[in-house]
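# Structural features, examined
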Amino acid sequence: MKQWTIFLLSLILFQSCIENDIIDDKQDEVLSFNNSVNELTIKETHQYQTRFTDNVGKLTSPTITWSSSDESVISVNSSGLLTANAIGTATVTAKVTTEEGKEVINTETIEVVAAEEKIVISNVIQEIIINNTHQYATVYTNMLNDVESATVSWSSSDNTIITVSNTGLITATGLGTATIKVSTTGSSGQEVFFEDEVTVTPIQEKLSINNPIVEIDITKTHQYNTTYTDNTGTVQTPTVTWSSSDTNILSVDNNGKITAISAGEATITASVIGSTGTTITAEDIVTVKGNSNEKTGTIRTTSSYVLEGTFTLKEIPGTNNLELVINDNYRASTSLPGLYLYLTNNPSTVNNAKEVAPVSIFNGRHTYIIENTGINDFTHLLYWCKPFKVKVGEAKIE
């Protein structure tokens, strides 16, 4: 009997120790907000993040019930996402009900404030090329964070660089930087504005040959004309310098007039000193056609006498002499007295002309040898009546 009494007392004492231990280990459940908030701007949202520890301090993820004291001010969904609906104050409550039926609650009072009125240019730019335009677009947001239309005003800090119309169309008029400002009067009566700083950049200076050519016949000429545009897009008239890559093929004068001298290819270059001090050039590659050792032409009458036919003028190899062959289709009036043939650069006179020979053949093919004469020395044949000092006919040497 004594042994049973001792056992019973030991059991009672053991049970008492366990219960005291359990009671001592218990703690309060805690539901906390990791990202508290006390103010939201209207239309703003906020996603709560929470932490819950049970009665033994263990971190768990129970179901949380969310509510708002005024859904018209702040609404909250089942995952704790807040939405600020109207200006005012509301209290948000998060609640966890434990397995024992205990409610663990956390609350937060939040004020919804008006949004800052603002106007922005939605398509700002940093640079614009001179003489170009850009149409701005704007978005105005009121104090309720709603986009609405607004009457705006535009201005430029420097109209010599950028001008702006009353619709927000800017035009780059000069090099430099200007600030474009758009403004409106907000619902509070205060000015609301936005600024965009824009730099006007230069265009590439350009010199153009307006009438380039691909090829030209020997002895022919061509007059170039050019256009130079500076880095502001303005057409200027600076001094143009001309050069030829091969003056034995193509010569060019100070005014841009070229002369084809012999067959081949040459590059004609026009250059100017640009507005920034750099040299701006334009080129034209030209092929000179024809045999430099042979030229032809057609004889025509300039009087009432018959004179017609074609000819070939050739260099005689190894000499400084020419061979002039009048072709089979040649015919001339036999009644022409004192008719002479000349080489000249002015078909209206024999002054400074070279006398070839008196004309003694009036039909068909015949030949003249012209000594000490280059094939490019003269441009025309001239038939001249010496007794009367009048021109009877001519032919261009081509």
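### Looking at the packing of aromatic side chains
Per the stated rule, a full pass over the model turns up 5 aromatic pairs. Ring centres 6.0 Å apart and planes at 20° place the aromatic pair Phe33 and Trp66 in the stacked group. Of the two residues, Phe33 sits in strand S1 (residues 30-33) while Trp66 sits in strand S6 (residues 65-68), which places them 33 residues apart along the sequence. Using a relative accessible area of 13% as the deciding quantity, one classes Trp66 as buried. With a centroid separation of 5.4 Å and 10° between ring planes, the pair formed by Tyr48 and Trp66 is classed as stacked. Here Trp66 lies in strand S6 and Tyr48 lies in the loop between strand S3 (45-47) and strand S4 (50-53), a separation of 18 residues in the sequence. By way of ring pairs, the aromatic residues Phe33, Tyr48 and Trp66 are connected into one cluster. Across from the ring centre of Phe193, 4.8 Å away, lies the NZ or CZ of Lys181, which sits over that ring. Over the aromatic face of Tyr340 sits the side chain of Lys386, whose NZ or CZ is 3.9 Å from the ring centroid.

### Some remarks on unusual backbone geometry
Positive phi, close to 75°, is recorded for Asn131, a residue that is not glycine. Looking at the element boundaries, Asn131 is found in the loop between strand S12 (127-129) and strand S13 (133-135).

### Looking at the sheet that holds strand S15 (residues 147-148)
Strand order across the open sheet formed by 3 strands is S11-S14-S15, with antiparallel pairing between neighbours. Lying at the two open borders of the sheet, with one neighbouring strand each, are strand S11 (118-121) and S15.

### Let's talk about the pattern of salt bridges
Pairs may arise between side chains of opposite charge once their charged atoms sit close together. Applying the stated criterion to the full structure yields 11 salt bridges. Ionic pairing is found between Glu103 and Lys95, a salt bridge with its closest N-O pair at 3.6 Å. The exposure class of Glu103 is partly exposed, given its relative accessible area of 46%. Note on Lys95: relative accessible area 26%, which makes it partly exposed. Glu394 is the partner of Lys391 in a salt bridge, and the nearest nitrogen-oxygen pair spans 2.8 Å. A relative accessible area of 25% places Lys391 in the partly exposed class. Among the residues examined, Glu394 registers a relative accessible area of 13% and is labelled buried. Beyond isolated ion pairs, a larger network of salt bridges with shared partners links Glu215, Asp217 and Lys289.

### A word on the sheet that holds S13
In a beta sheet, neighbouring strands pair by backbone hydrogen bonds and run either parallel or antiparallel. Taken in spatial order, the 3 strands line up as S13-S18-S17 in an open sheet, and their pairing is antiparallel. Strands with a single pairing partner mark the edges of an open sheet, and in this sheet they are S13 and strand S17 (162-164). Sheet twist, expressed as the mean angle between neighbouring strand axes with direction ignored, is 20°. Relative to strand S18 (residues 169-172), S13 runs antiparallel, the two sharing 3 bridges. Bridge assignment links Gln135 to a residue of S18, and that residue is Leu169.

Conventions and cut-offs
- Residues numbered from 1 in each chain as written.
- Predicted model: local features only at pLDDT ≥ 70, side-chain atom pairs only at ≥ 80, totals over all residues.
- Heavy atoms only, no water.
- Phe/Tyr/Trp six-rings, centres within 6.5 Å; stacked < 30°, edge-to-face > 60°.
- Helix = DSSP H or I, 4+ residues; strand = E, 2+ residues; numbered from the N terminus.
- Buried < 20%, exposed > 50% of the residue type's maximum accessible area, 1.4 Å probe, protein only.
- Lys NZ or Arg CZ within 6 Å of the ring centre and 35° of its normal.
- Pairing = 2+ DSSP bridges.
- Salt bridge = Lys/Arg side-chain N within 4 Å of Asp/Glu carboxyl O.
- Axes fitted to C-alpha atoms, helices over the stretch in contact; angles between N-to-C directions.

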